[in-house]
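# An overview of the molecular structure
Take a look at the letters that make up each chain.
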Amino acid sequence: MSFTLEGRTGPWEIVVGLEVHAQVTSRAKLFSGAATAFGAEPNSQVSFVDAGFPGMLPVINRECVAQAVRTGLGLKAQINLWSRFDRKNYFYADLPQGYQISQYAHPIVGEGAIEIELADGSTKTVGITRLHLEQDAGKSLHDQHPSKSYIDLNRSGVALMEIVSEPDMRSPEEAGAYLTKLRQILRYLGTCDGNMDEGSMRADVNVSVRRAGEGYRTRCEVKNVNSIRFVMQAVEAEARRQIEVWEEGGTVEQETRLFDTARGITRSMRSKEDAHDYRYFPDPDLPPLVIEQGWVEGLKASLPELPDERRARYVAMGLSPYDAHVLTLEKETAAYFETVARGRDAKVAANWVMGDLFAAINRTRTSIAEPPVKAEYLGVLLDLMQDGTLSGKLAKEVFEAMVETGRSPGAIVEERGLRQVTDAGAIERIVAQVLEANLDKVAEYKSGKEKLFGFFVGQTMKAMQGKGNPALVNEAVKKLLG
Amino acid sequence: MHPTDFSLRGAIEALNEGLVSSVELTQAHLDGIAALNPRLNAYVTVTAEQALEQARASDARRKEGVAGPLDGVPLAIKDLFCTAGTRTTAGSRILGNFVPPYESTVSANLLRDGAVFLGKVNLDEFAMGSSNTTSAFGPVENPWSRKNDPDTRLVPGGSSGGSAAAVAARLALGATATDTGGSIRQPAAFCGIAGIKPTYGRCSRWGIVAFASSLDQAGPVARTVEDCAILLKSMAGFDPKDSTSADVAVPDFAAACARGVKGLRIGMPKEYRLEGTPPEIEALWEQGLQWLRDQGAETVEISLPHTKYALPTYYIVAPAEASSNLARYDGVRFGLREAARDSDLRDLYERTRAAGFGPEVKRRIMIGTYVLSAGYYDAYYLKAQKIRALIKRDFDQAFEKVDAIVTPATPSAAFGMDERQDDPVTMYLNDVFTVTANLAGLPGLSVPAGLDAQGLPLGLQVIGRAFDEETVFAVGAAIETAADFRAVPGLRAGV
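Computed from a prediction, not measured in an experiment: that's the story for all the values here.

## Brief notes about the UniProt feature "active site" (unreviewed entry) in chain B
Residues and elements named next belong to chain B. In this structure's numbering, the residues bearing the UniProt feature "active site" (unreviewed entry) are Lys78, Ser159 and Ser183. Spanning 106 residues, the named residues form one tight spatial group whose C-alpha atoms are at most 11.3 Å apart. Among the secondary structure elements, Lys78 is positioned in strand E2 (residues 74–78). Other than its neighbours up to four places away in sequence, Lys78 contacts Val121, Leu123, Ser160, Gly162, Ser163, Ala175, Thr176, Ala177 and Thr178. Position of Ser183 among the secondary structure elements: in the loop between strand E4 (174–179) and helix H6 (185–190). Apart from the residues within four sequence positions on either side, Ser183 is in contact with Ala127, Gly158, Ser159, Ser160, Ala177 and Thr178.

Listed below in structure tokens is the structure:
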């Protein structure tokens, strides 16, 4: 079933390709030693290279190259042992050199692929065209002074990976799923923190529409969209705009647009005629970037487990594909789950993480990175159920107490005397009292009203404040009712 | 002997022997500058106090026996090298009163070895020019003049005109310079001194205001080949801050000057016999080859078939890189800023760059912007890169047959300040013998070899294999010895 948008004149298919700018996780910038921490005082992380001072020269940061290669490997992509940095020339106040250094003609990473998961459980492969390294620009602040613009160069020179997809996506959902998956892979690899609200990841969205079976029509690029939700909204908004243009007999012009998040529409930023002539040419300050296959192999050998592999492993551990998908979405969730599941029943662990833990996180407005219950404690709780110390019901109670107090399950069990009663003799004595007090019901039961069995069990549990071992209580009731 | 008449090596010996102090040497040069600079305009900035302070410190070091290889030697620094705390202009208005907070690697290396800096010397704006007439700080005058026409003021050549004029007029024992298409060798030839553009990558470009990154290379000018060798030894060396700097050992260049040329094969490229070259330059070239034969070298005619494309190639590649390198002068962070109308950013750029750059710089920015533009890139820039590779291959093939190549340094002697200013292309022809070494990244040395009929100095150029400056110095020293060049310019310190 393919996704279409219904126009006045019939259904339209959407064609989407994404260019994602992902900030490389590294201590220093792409070509200078200046720091890259987010949120620092303006212009406090700027070297003379980043500020474009006379005579300053770029020197490539080896770690940024390694991060790009790791990402390429994670995208199952071609790693180019020879790549080159070009200059993209344009004037802007927050571009100190008057050019951006970017791998325009010869990127370090070539073709790869990402498998995305869709809500209906199906999967789809989206092609990666390329990944290249480039410098970020600084930031212009126009709202600090009535007549002046301020420039913050902290970001100037920070390493970005531009990851370009093939125009393989056909719906807002697919675009969202692609970005989700890409972000997941980057975060698993540790090559980009994926913090879209801090600008560590932003997407340029290329959208066109067409009738079924047609070739591509003209596309527009929606620049700098900074959340997955906005990307999905921008795809739909831009597609609807284009459908309207086509259906009214107009022609979609190739142009750069912006997504107005408040109004949910795209607006023209500049047309093709205004497009810059960037005068790309090889940066003469930098020799071609040559890396060795052996070095790439070394990086490959030390790659962490990726989401697809981890999901497969979880399925092999007995989880459903859905559970495996949910638990691997964020690597922090996966890490939590693995701590809980280590040496325990994986399905039980998954149920607790996805059920009680997720609910507690929502309720307490915390996150998996700072969970309301430590993974180690949840593991111990499962052990207490396993060895019969706690019933399922008591375990829920202990869990809630852990959320409230942050204390260990052992401490809570001791403190509140929640230990389950497994002494068969003691249980039988209580069952006998319950039957004694309800002779009329016993008579009814014996005359065939077997539903009352649950009543006796319930009364017994109540009398034991819920601490009776459910199996033993059942056994005792059955035995005494004879 | 007047202290400004020392060769650089002679000065080091005299300092070592206690015949002269660095303070005396420095003061003598400062006196010379005070007397002659108002006319020559070689220095843009004289750092007299700092120089004397450095000289005193040097004398103290020498007393303690911890003197470096250049300790106490007064030098001039081309105003393209950033010097910490001293204004650096690149000969342009656009840098305004830019005072770098950092020291270029090359000048830092000289300071490390004990050198004294007399000041910053004039140059064509952003090193773009062959006559030192494009400087925002006024033209430099060549200390030499024509025998029969002594009143015509001559250019010192460019872009390192201030460096060459200062050294020729004895206003420094040596100077740093840079060479993108001939900017060391041509002014050295015009001023009757020696100058070497080393192999690309030999000296760090870090802290040197960039003109054309793939061609720029720092080197020394001095009054003898050996003095150049001593200076280059200090200036050169791998610098991790410059990605194009070469990680190769720096040999003892001065020792190589005494090697002799016996058994060397010297190439004479037939394509350098240009129509219109004055006969006396042709004759000097032949004389130079004869001197080398006399000292045991073998001379061979060779072919560098793509030579005729070198100049047009250079005038595509260099402006292309310059147009991008000079984009940073935008009035935003440092240097000149001309206030914009209506707080318009584009207007700020236009006014600042219109006021800040001179006509030659603007011309090259426009040429460079044009050749990189969409639709022209392939026809100009890309084709130029291909020809550049062919020019390099010409040299590779030639160096399979010969150890060094000897050519004239310039197609003429120094010309008058008012001559050749109307047509930029005529001016560009000055680089015809020198640009090839930049395009191929090879070392090229200019050595004074004789005088023309007007009594003006003429130079010969020695080109060598990449990172074989030693052979270049050996051949240059052999020519120097045979030429026995003793002529001195009319304007000089100590007269």
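## Brief notes about the UniProt feature "domain: Amidase" (unreviewed entry) in chain B
On the UniProt side, "domain: Amidase" (unreviewed entry) is annotated at positions that read residues 24–472 of chain B here. Spanning residues 24–472 of chain B, this segment combines 37% helix with 14% strand, and its end C-alpha atoms are found 34 Å apart.

## Some points on helix H8 (residues 346–364) of chain A
All names here are of chain A. When the terminal C-alpha atoms of H8 are compared, their 25 Å separation across 19 residues agrees well with the 27 Å that a helix rising 1.5 Å per residue should span. Within H8, the axis deviates most sharply at Leu357, by approximately 30°. Here H8 has its buried residues at Ala346, Ala349, Ala350, Trp352, Val353 and Leu357. Buried residues along H8 sit in contact with helix H6 (321–328), helix H7 (331–341) and helix H9 (375–386). Arg365 sits one or two positions beyond H8 and adopts a positive phi of about 50°.

## Notes on unusual backbone geometry
Residue and element names in this part refer to chain B. Cis rather than trans, the peptide bond between Gly158 and Ser159 has omega equal to 10°. At Asn132, a position not held by glycine, the phi torsion is positive, near 55°. The phi angle at Phe467 is positive, at roughly 60°, despite the residue not being glycine. Mapping Phe467 onto the fold places it in the loop between strand E11 (457–464) and helix H16 (469–483). Classification of Phe467 as partly exposed rests on a count of 19 C-beta atoms within 10 Å.

## Observations regarding the packing of H7(A) against H8(A)
Residue and element names in this part refer to chain A. One can describe the packing of H7 onto H8 by two numbers: an axis separation of 9 Å at closest approach and a directional angle of 135°. Considered as vectors, H7 and H8 are oriented oblique to each other. Two packed elements cross with a definite hand, and for H7 against H8 that hand is right-handed. Contact residues: Tyr336, Phe337, Val340 and Ala341 in H7; Ala346, Ala349, Ala350, Trp352 and Val353 in H8. Partitioned by chemical class, the residues of the contact of H7 with H8 number nine nonpolar, no polar and no charged.

## Let's talk about the environment of Ser163(B)
Residues and elements named next belong to chain B. For Ser163, the location among the structural elements is in helix H5 (residues 161–168). For the pair formed by Ser163 and Asp149, sequence separation is 14 residues and the distance between their alpha carbons is 24 Å. When residues no more than four places from it in sequence are discounted, the contact partners of Ser163 are Ala76, Lys78, Val121, Ala175, Thr176, Ala177, Pro187 and Val221.

## Topic: the pairing of strand E8 (residues 298–302) of chain B
Residue and element names in this part refer to chain B. Inspection of the sheet shows strand E7 (residues 265–269) paired to E8 by five bridges, in the parallel sense. Counterpart to Gly267 in the pairing with E8 is Val300. After leaving E7, the chain enters helix H9 (residues 279–294) and then returns to the sheet as E8, a path that is right-handed.

## Concerning the interface of chain A and chain B
Every contact between the two is made by 26 residues of chain A and, on the other side, 33 residues of chain B. Grouping the constituent residues of the side of chain A that touches chain B by class yields 16 nonpolar, six polar and four charged.

## Points about the nonpolar core
The biggest cluster of nonpolar side chains holds 232 residues, and the ones touching the most others in it are Val205(A), Leu75(B), Ala166(B) and Val475(B). Excluding its chain neighbours within four sequence positions, the residues that come into contact with Leu75(B) are Leu110(B), Ala115(B), Val116(B), Phe117(B), Leu118(B), Ala172(B), Leu173(B), Gly174(B) and Ala175(B).

## Here's the deal with the sheet that holds E7(B)
Residue and element names in this part refer to chain B. Strands sit in the order E1-E3-E2-E4-E6-E5-E10-E11-E9-E7-E8 across an open sheet of 11 strands; the sheet is mixed. The open sheet has two free edges, formed respectively by strand E1 (43–46) and E8, since each of these has just one partner strand. Between one strand axis and the next, the sheet turns through 30° on average, direction left out of account. Bridging between E1 and strand E3 (residues 116–121) involves three bridges; their strand directions are antiparallel.

## A look at the UniProt feature "domain: Asn/Gln amidotransferase" (unreviewed entry) in chain A
As annotated by UniProt and renumbered to match this structure, "domain: Asn/Gln amidotransferase" (unreviewed entry) occupies residues 335–481 of chain A. When the span residues 335–481 of chain A is considered, its composition is 71% helix and 0% strand, and the gap between its end C-alpha atoms is 49 Å.

## Quick notes on the pairing of strand E5 (residues 194–197) of chain B
Residues and elements named next belong to chain B. Alternating positions in E5 separate into two faces, Ala194 and Ile196 on one and Gly195 and Lys197 on the other, with burial throughout. Sheet topology places E5 next to strand E6 (residues 217–222); two bridges connect them, and they run antiparallel. Note that in E6 the partner of Gly195 across the bridge is Val221.

How each quantity is defined
- The numbers attached to residues start from 1 for each chain and follow its sequence in the written order.
- Going through the entries in the order they are written, you letter the chains from A and number the ligands from 1.
- Local features in a predicted model are, by the rule used here, given only for residues with pLDDT of at least 70; side-chain atom pairs are given and counted only at 80 or more, and totals for whole chains, interfaces and linings are based on all residues.
- UniProt positions are given in the numbering used here, feature names are shortened, and annotations may be inferred rather than shown by experiment.
- Secondary structure elements follow DSSP: runs of H or I no shorter than four residues count as helices, runs of E no shorter than two count as strands, and numbering proceeds from the N terminus.
- Working definition of a contact: two residues with C-beta atoms, positioned from the backbone, lying within 7 Å.
- How far a helix is expected to stretch is found by multiplying one less than its residue total by 1.5 Å.
- The angle between axes fitted to the seven-residue stretch ending at a residue and the seven-residue stretch beginning at it gives the bend at that residue.
- Counts of 20 or more other C-beta atoms within 10 Å of a residue's own C-beta define buried residues, counts of 12 or fewer define exposed ones, and intermediate counts define partly exposed ones; C-beta atoms are placed from the backbone.
- Structural elements are reduced to axes, namely lines fitted to C-alpha atoms, with helices fitted over the stretch in contact, and the angle between N-to-C directions of any two is expressed from 0 to 180 degrees.
- The scheme is simple: roughly parallel for angles under 35 degrees, roughly antiparallel for over 145, roughly perpendicular for 65 to 115, oblique for anything else.
- Working rule for handedness: look at the near helix, and if it is turned counterclockwise from the far one by less than a right angle, call the crossing left-handed; if clockwise, right-handed.
- Under the scheme applied, nonpolar residues are Ala, Val, Leu, Ile, Met, Phe, Trp, Tyr, Cys and Pro; charged residues are Asp, Glu, Lys and Arg; polar residues are all the others, including Gly.
- A pair of strands is considered paired only if DSSP assigns at least 2 bridges between the two.
- Convention used here: a crossover is right-handed provided that the path from the first strand, over the helix, to the second strand proceeds clockwise when the strands point away from the viewer.
- In this description, a nonpolar core means buried residues of the types Ala, Val, Leu, Ile, Met, Phe, Trp, Tyr and Cys, linked to one another by C-beta atoms lying within 7 Å.

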